[in-house]
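Listed below, chain by chain, are the residues.
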Amino acid sequence: VSYLGDEHTKAEKLREWKAAREAAAAAEAMRAEQDKMRAEQAAEGAEGRQGESATAEPMPAQDALVVSRAGSGSWDRFGAGLRDMPFLSSVFDNPLFDQLFGESEIAASIREMKQTDRAFRLEDFAEDIEYVV
């Protein structure tokens, strides 16, 4: 069968999207039902063994989240590594670096004009200056 245009691919993508949406909704409903059953079981278990300490059920691997109180995350280690490199700190403190990558005087002036007047447009300003001069 020959189709004109790409309407058939759009329709197929729409069908796939609807199927994926329905599958996600079904999975969410199943997860909610499981959570409800776990809560009921925990409530029944807590009533039955009031003197015993309750143990938490392990979470499935796909829902696991690790929270670390230690400041040894990868970003912290990266930052500590940069602080230990005197070459990089001297590069960032160099005035030449600021001249190359910093804000120019013109850019600072335009930024201030835009802060003062939200409707400021550089093109209109250039036309006005050209007309005056």
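Thresholds applied
- Residues numbered from 1 in each chain as written.
- Predicted model: local features only at pLDDT ≥ 70, side-chain atom pairs only at ≥ 80, totals over all residues.
- Heavy atoms only, no water.
- Helix = DSSP H or I, 4+ residues; strand = E, 2+ residues; numbered from the N terminus.
- Buried < 20%, exposed > 50% of the residue type's maximum accessible area, 1.4 Å probe, protein only.
- Areas by Shrake-Rupley, 256 points an atom, 1.4 Å probe, with all protein chains shown as cover.
- Patch = residues over 30% accessible without salt bridge, like charges linked within 9 Å, V, L, I, M, F, W, Y side chains within 5 Å.
- Salt bridge = Lys/Arg side-chain N within 4 Å of Asp/Glu carboxyl O.
- Phe/Tyr/Trp six-rings, centres within 6.5 Å; stacked < 30°, edge-to-face > 60°.

Draft legend 1. Broad picture of the overall build of the chain. Looking only at helices and strands, one finds six helices and zero strands in the chain. Counting from the amino terminus, the chain carries its helices and strands in the arrangement α-α-α-α-α-α. Counting over 133 residues, the chain shows a buried share of 3%. Summed over its atoms, the accessible surface of the chain is roughly 12600 Å², and 57% of this surface lies on carbon and sulfur atoms.

Draft legend 2. Structural context of a nonpolar patch on the surface. Judged by side-chain polarity, Met113, Leu122, Phe125, Ile129, Tyr131, Val132 and Val133 come together as a nonpolar surface patch covering roughly 770 Å² of accessible area. Per element, the largest residue contribution to the nonpolar patch is five residues, and it comes from helix 6 (residues 122-132). Take Phe125: it is sitting in helix 6. Here Phe125 falls in the partly exposed class, since its relative accessible area comes to 33%.

Draft legend 3. Fine view of the packing of aromatic side chains. Tallied over the entire structure, the rule returns one aromatic pair. Seen in terms of ring centroids, Phe120 and Phe125 are 5.7 Å apart; in terms of plane orientation they differ by 55°. Their pairing is tilted.

Draft legend 4. Inspection of the pattern of salt bridges at higher detail. A full pass over the atoms with the stated rule returns six salt bridges. In this structure, Arg15 engages Glu12 in a salt bridge whose closest nitrogen and oxygen atoms are separated by 2.6 Å. Of this pair, Arg15 and Glu12 both sit in helix 1 (residues 7-48), separated by three residues, roughly a single helical turn. For Glu12, a relative accessible area of 36% puts it in the partly exposed group. A salt bridge links Arg121 to Glu123, with the shortest nitrogen-to-oxygen separation between them at 3.8 Å. Note on Glu123: relative accessible area 49%, which makes it partly exposed. One salt-bridge network, in which partners are shared between bridges, spans Arg121, Glu123 and Asp124.

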